[in-house]
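Coordinates in review
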Amino acid sequence: MRKLTLWLPLALFAFFAGLAAYMLTQEKDQFVESTMIGQPLPAFALDPAFDGLPGASRADFTGRPKLLNIWASWCLPCIAEAPQLEALQKQGVEIIGIAIRDKPADVAGFLARYGNPYARIGSDRISEVQLAIGSSGVPETFVIDGKGVIRYQHIGDIGAEDVPTLLAELEKAQ
Amino acid sequence: MIRWLFAVLLTVLALPLAAQDSMPPAPYAYNQLADPRLEAEASALMHTLRCLKCQSQSIADSDAPMAGDMRHQVRARILAGESPEAIRRWLIARYGDYVSYEPEVSSTTWPLFAVPLLVILIVAGVLLRRLGKRRSDGDDAGAAA
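The paragraphs below set out a description of the structure included in this document. (Residues numbered from 1 in each chain as written. Chains lettered and ligands numbered in written order. Predicted model: local features only at pLDDT ≥ 70, side-chain atom pairs only at ≥ 80, totals over all residues. Heavy atoms only, no water.)

1. So, the pairing of strand 7 (residues 150-155) of chain A
Residue and element names in this part refer to chain A. Condition: If DSSP finds at least two bridges between two strands, the strands pair. Helix and strand definitions follow DSSP, with helices as H or I runs of at least four residues and strands as E runs of at least two, each counted in order from the N terminus.
In the sheet, strand 6 (residues 140-144) pairs with strand 7 via five bridges, with the strands oriented antiparallel. When the bridges of strand 7 are listed, Val 143 appears paired with Tyr 152. Linking two consecutive strands that pair antiparallel, namely strand 6 and strand 7, is a turn of five residues; a positive phi of about 85 degrees is found at Gly 148 within it.

2. As for the interface of chain A and chain B
The test is simple: In what follows, residue pairs with any heavy atoms lying within 4.5 Å of each other are defined as contacts. Buried area, as used here, totals the accessible surface that two parts lose on assembly, with accessibility defined by a 1.4 Å probe and the loss added over both. What makes a salt bridge here is a side-chain nitrogen of Lys or Arg within 4 Å of a carboxyl oxygen of Asp or Glu, nothing more. Any pair of N or O atoms that falls within 3.5 Å is considered a polar contact. Within protein, one atom must be able to donate a hydrogen and the other to accept it, and sequence-neighbouring residues count only if both atoms are side-chain atoms. Following the grouping adopted for this structure description, the nonpolar residues are Ala, Val, Leu, Ile, Met, Phe, Trp, Tyr, Cys and Pro, the charged ones are Asp, Glu, Lys and Arg, and the polar ones are all others, Gly among them.
Across the contact, 26 residues belong to chain A and 27 residues belong to chain B. When chain A packs against chain B, close to 2300 Å² is buried across both sides, 59% of that on carbon and sulfur atoms. Its largest share of buried area at the contact with chain B, chain A owes to Trp74(A), Arg101(A) and Leu131(A), together 32% of the area lost on that side. At the surface where chain A touches chain B, the tally comes to one salt bridge. Across the pair Asp69(B) and Arg101(A) runs a salt bridge, and its minimum N-O distance is 3.0 Å. Linking chain A with chain B are nine residue pairs in polar contact (both at pLDDT 80 or more). Secondary structure elements with two or more residues in the side of chain A that touches chain B: helix 2 (76-90) and helix 4 (128-132) of chain A. Here the side of chain A that touches chain B takes four residues from helix 4 of chain A, the largest share from any one element. A per-class count over the side of chain A that touches chain B returns nine nonpolar, ten polar and seven charged.

3. Quick word on the pattern of salt bridges
Residues and elements named next belong to chain B. The condition is simple: Each residue is placed in one exposure class: buried if its accessible area under a 1.4 Å probe, protein chains only, is under 20% of its type's maximum, exposed if it is over 50%, and partly exposed if it falls in between.
For the structure shown, the criterion picks out nine salt bridges over all chains. With a shortest N-O distance of 3.7 Å, Glu 41 and Arg 37 are connected by a salt bridge. Of the two residues, Glu 41 and Arg 37 both sit in helix 2 (residues 36-46), four residues apart, roughly one turn of that helix. Judged by relative accessible area, which is 55%, Arg 37 ranks as exposed. Across the salt bridge formed by Glu 39 and Arg 75, the nearest N and O atoms sit 3.0 Å from each other. Of the two residues, Glu 39 sits in helix 2 while Arg 75 sits in helix 3 (residues 65-79), which places them 36 residues apart along the sequence. Using a relative accessible area of 8% as the deciding quantity, one classes Glu 39 as buried.

4. Quick look at the sheet that holds strand 5 (residues 120-124) of chain A
Residue and element names in this part refer to chain A. We count it as follows: Throughout, an axis means a line fitted to C-alpha atoms (over the contacting stretch in the case of helices), and angles, computed between N-to-C directions, take values from 0 to 180 degrees.
Taken in spatial order, the five strands make up an open sheet running 5-4-3-6-7, and their pairing is mixed. Across the chains shown, the open sheet's two edge strands, defined by having one partner strand only, are strand 5 and strand 7. Pairs of neighbouring strands in the sheet enclose a mean axial angle of 20 degrees, with direction left out of account. Strand contacts of helix 3 (residues 104-114): strand 3 (66-71), strand 4 (95-100) and strand 5, with the helix running at about 115 degrees to strand 3, the strand carrying the most contacts. Its contacts with the sheet place helix 5 (residues 163-172) against strand 3, strand 6 and strand 7, and it is angled at close to 170 degrees to strand 7.

5. A word on the state of the cysteines
Using the following cut-off: Cysteine sulfur pairs qualify as disulfides if the two atoms are within 2.5 Å.
In the structure shown here, the tally under the stated rule is two disulfides over all chains. For Cys75(A), the disulfide goes to Cys78(A), at an S-S distance of 2.1 Å. The sign of the S-S torsion, about 90 degrees, decides the handedness of the disulfide formed by Cys75(A) and Cys78(A): right-handed. Two residues share a disulfide in this structure: Cys51(B) and Cys54(B), whose sulfurs sit 2.3 Å from each other. The sign of the S-S torsion, about 95 degrees, decides the handedness of the disulfide formed by Cys51(B) and Cys54(B): right-handed. Each of the two residues, Cys51(B) as well as Cys54(B), counts as buried.

What follows is the structure, given as structure tokens:
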């Protein structure tokens, strides 16, 4: 018994050393998730991000569940997710965009180059709405139900494998 | 072909730098409030909020555009008469405890505060028992002699 308690500190040390080694080999999760899931969208009204489409406001989120896509023309992963947004739009999903810290000419240029899946795009020049919904980067995509409640958050660009998940979440939000 | 690839690479590399830099910062990102008392309140609060892009800095220390936008929110809300505590709560409601750059006691972090207290209590208990024992041993020895 006495022998066992003598070894206890070493065993504890070995446990913590092992834990530290294990944690160091794990990939670090850099994502800061929104804690607004299940909460209603805050009130907002954003000007059009460019001449071609109307702006976006809280009042647009009525009827069927919609996607709220936080993006920017200066954001590289946003180029990568453009085909997936287009695929979602072709399946009848309404996508409302919010362009972060962006200029009308840049927005128009991006859409001309990579396609336009959006029904509306609001311009958030000072990340106001982004902060209000707990989004911490671009791109991020939120599923908003017909009552304007945030139901799901996808962080980072949408890969082809994420499209079924988003469609299922939209279905769930009906 | 290689030249073409190179050209594509160049445009891709230049695009984000050029675009992100061209946007002016939010009004209160780098401008202090006129009232020194309000600015001091805002500044104290900004040192306790974490930059979400550069996660080991407070928004007061960071040059990331998003940190600038968060500083604008803080100053604009202070100017509008909101209390620093209300602004903190507003951000924590959106990003969780993580946005706080100052340790918060909450349902997930309380062990961090409770465990050291517990350890101190245990150590104090062990010490008292041992020292108390030794003293009474000494008393016994004194009585015997």
